[in-house]
Amino acid sequence: MQSTRVYLVRHGETEWNNSGRYQGHSDIALSPNGRRQAELLRERFCRIHLDAVFTSDLRRARETAAIIAAPHGLKINEVPALREINFGVWEGLTYQEIIANHPREWEAWRQDPGATIIPGGESFQQVKERALAAFNGILDRERGRNLLVVAHGGSLRALICGILGLDLTAVWRFRLDNTGVSVVDCYGVHQILVLLNDTHHLEDLGGPDGSGIL
């Protein structure tokens, strides 16, 4: 059976990533370092054949996708359903500020991210449903091709849980760094996670968090 290969990429760094602020649907641009990360990823993808590019419609994802896709001459297809989780009243706050101001909601979300709806936002179950529906729609239209999908840490983790049939508590069990690359090979309804959060293109920057750990 002919396979479809999907490269799942988290967007490059933003200033809010750097300061630890929850972005959600806030439309934040890439930082200078985030653009450099995307440029390094572009060099990596120059050696990979791509047939189509899909991205969240938020600026940080669109900018990352455009930088990667430029050498391939491909149109950027915006898919709003790939957006980051809506953090509602938590958007713009840091981890410490959320815990201080919304301790009960935070604890409920950590314990049951699938069922807990963030105040003014959404649950990881809602994110999984919309992202997985978008992913399956793309697969239906693009079978047998090599695809790039650029989105966000939360929406991609929820999507990977959906692809693998994992409980959504698993979103806390792995991380996706800025411009981290994951790969899914799809054979009809059978989908295999081939690679998770690879960041070797960031070696010159000292790793995803500057620690040198790749």
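Before reading on, note that the structure itself is shown above.
Residues numbered from 1 in each chain as written. Predicted model: local features only at pLDDT ≥ 70, side-chain atom pairs only at ≥ 80, totals over all residues. Heavy atoms only, no water.

Participant: For this particular structure, what's the right way to read the packing of helix α6 (residues 124–141) against helix α7 (residues 153–164)?
Facilitator: Helix packing for two helices is described by the angle between their axes and how far apart those axes are. Taken N-terminus to C-terminus, the directions of α6 and α7 make an angle of 75°; their axes are 8 Å apart at the nearest point. Taken together, the axes of α6 and α7 are roughly perpendicular relative to one another. Along the contact surface, α6 presents Phe 124, Val 127, Lys 128, Ala 131, Leu 132 and Phe 135, while α7 presents Gly 154, Ser 155, Ala 158, Leu 159, Gly 162 and Ile 163. Residues belonging to the contact of α6 with α7 are distributed by class as follows: eight nonpolar, three polar and one charged. (Axes fitted to C-alpha atoms, helices over the stretch in contact; angles between N-to-C directions. Helix = DSSP H or I, 4+ residues; strand = E, 2+ residues; numbered from the N terminus. Parallel < 35°, antiparallel > 145°, perpendicular 65-115°, else oblique. Contact = heavy atoms within 4.5 Å. Nonpolar A, V, L, I, M, F, W, Y, C, P; charged D, E, K, R; others polar.)

Participant: Mind showing me how you'd approach the environment of Thr 94 here?
Facilitator: The residue Thr 94 is located in the loop between β3 (76–78) and α4 (95–101) in this model. Thr 94 gets classed as buried once you look at its relative accessible area, which sits at 12%. Considered as a pair, Thr 94 and Ser 31 are 63 residues apart in the sequence and their alpha carbons are 18 Å apart. (Buried < 20%, exposed > 50% of the residue type's maximum accessible area, 1.4 Å probe, protein only.)

Participant: Just to check I follow, could you spell out the pairing of strand β1 (residues 4–10) for this structure?
Facilitator: For a regular strand, side chains alternate in direction, first toward one face of the sheet and then toward the other. Among the seven residues in β1, six count as buried, and that is most of the element. Taken together, the six bridges between β1 and strand β5 (residues 181–187) define a ladder with antiparallel strand orientation. Residue pairing in the sheet places Val 6 in a bridge with Val 184 of β5. Two strands pair when backbone bridges link them, and β1 and strand β4 (residues 146–151) are joined in this way by six bridges, in the parallel orientation. The residue bridging Leu 8 from the neighbouring strand is Val 149, located in β4. (Pairing = 2+ DSSP bridges.)

Participant: Would you mind going over the pattern of salt bridges with me for this structure?
Facilitator: Oppositely charged side chains may form a pair once their charged atoms are brought near each other. Inspection of the entire model under this criterion finds 11 salt bridges. Ionic pairing is found between Glu 63 and Arg 59, a salt bridge with its closest N-O pair at 2.8 Å. Taken as a pair, Glu 63 and Arg 59 lie in helix α3 (residues 59–69) at a separation of four residues, close to a single helical turn. Judged by its relative accessible area of 19%, Glu 63 is buried. Here Arg 175 ties to Asp 177 by a salt bridge, and the two come within 2.8 Å at their closest N and O atoms. The exposure class assigned to Asp 177 is buried, which follows from its relative accessible area of 11%. (Salt bridge = Lys/Arg side-chain N within 4 Å of Asp/Glu carboxyl O.)

Participant: Just checking my understanding: could you explain the pairing of strand β6 (residues 190–198) for this structure?
Facilitator: Bridge count for β5 against β6 is six bridges, and the pairing is antiparallel. The residue bridging Cys 186 from the neighbouring strand is Gln 191, located in β6.

Participant: Could you clarify how one ought to interpret unusual backbone geometry in this entry?
Facilitator: For residues that are not glycine, phi is negative in most cases, and the peptide bond is trans in most cases. The residue Thr 179 is not glycine, and still its phi comes out positive at about 65°. Residue position: Thr 179 is located in the loop between α7 and β5.

Participant: Mind showing me how you'd approach the nonpolar core here?
Facilitator: Nonpolar side chains in soluble globular proteins generally cluster together in the buried interior. One finds Val 6, Leu 8, Trp 109, Phe 135 and Leu 159 to be the most contacted residues of the largest nonpolar core, which totals 38 residues. Residue assignment for this core shows that the elements contributing at least two residues are β1, β2 (52–55), α5 (103–111), α6, β4, α7 and β5. Examining the composition of this core, we find that eight residues originate from one element, α6, more than from any other. Excluding its chain neighbours within four sequence positions, the residues that come into contact with Leu 159 are Leu 8, Ala 131, Leu 132 and Phe 135. In terms of nonpolar packing, the next biggest core, distinct from the first, is built from 14 residues, Tyr 7, Phe 45, Val 53 and Val 150 among them. (Core = buried A, V, L, I, M, F, W, Y, C linked by side-chain atoms within 4.5 Å.)

Participant: I would appreciate a short explanation of the packing of aromatic side chains in the present structure.
Facilitator: Two measures describe an aromatic ring pair: the distance that separates the ring centres and the angle between the ring planes. Tallied over the full model, the rule gives 11 aromatic pairs. Aromatic pair Trp 109 and Trp 172: ring centres 5.0 Å apart, planes at 80°, arrangement edge-to-face. Placement of the pair is Trp 109 in helix α5 and Trp 172 in the loop between α7 and β5, with a sequence separation of 63 residues. You can call Trp 172 partly exposed: its relative accessible area is 24%. (Phe/Tyr/Trp six-rings, centres within 6.5 Å; stacked < 30°, edge-to-face > 60°.)

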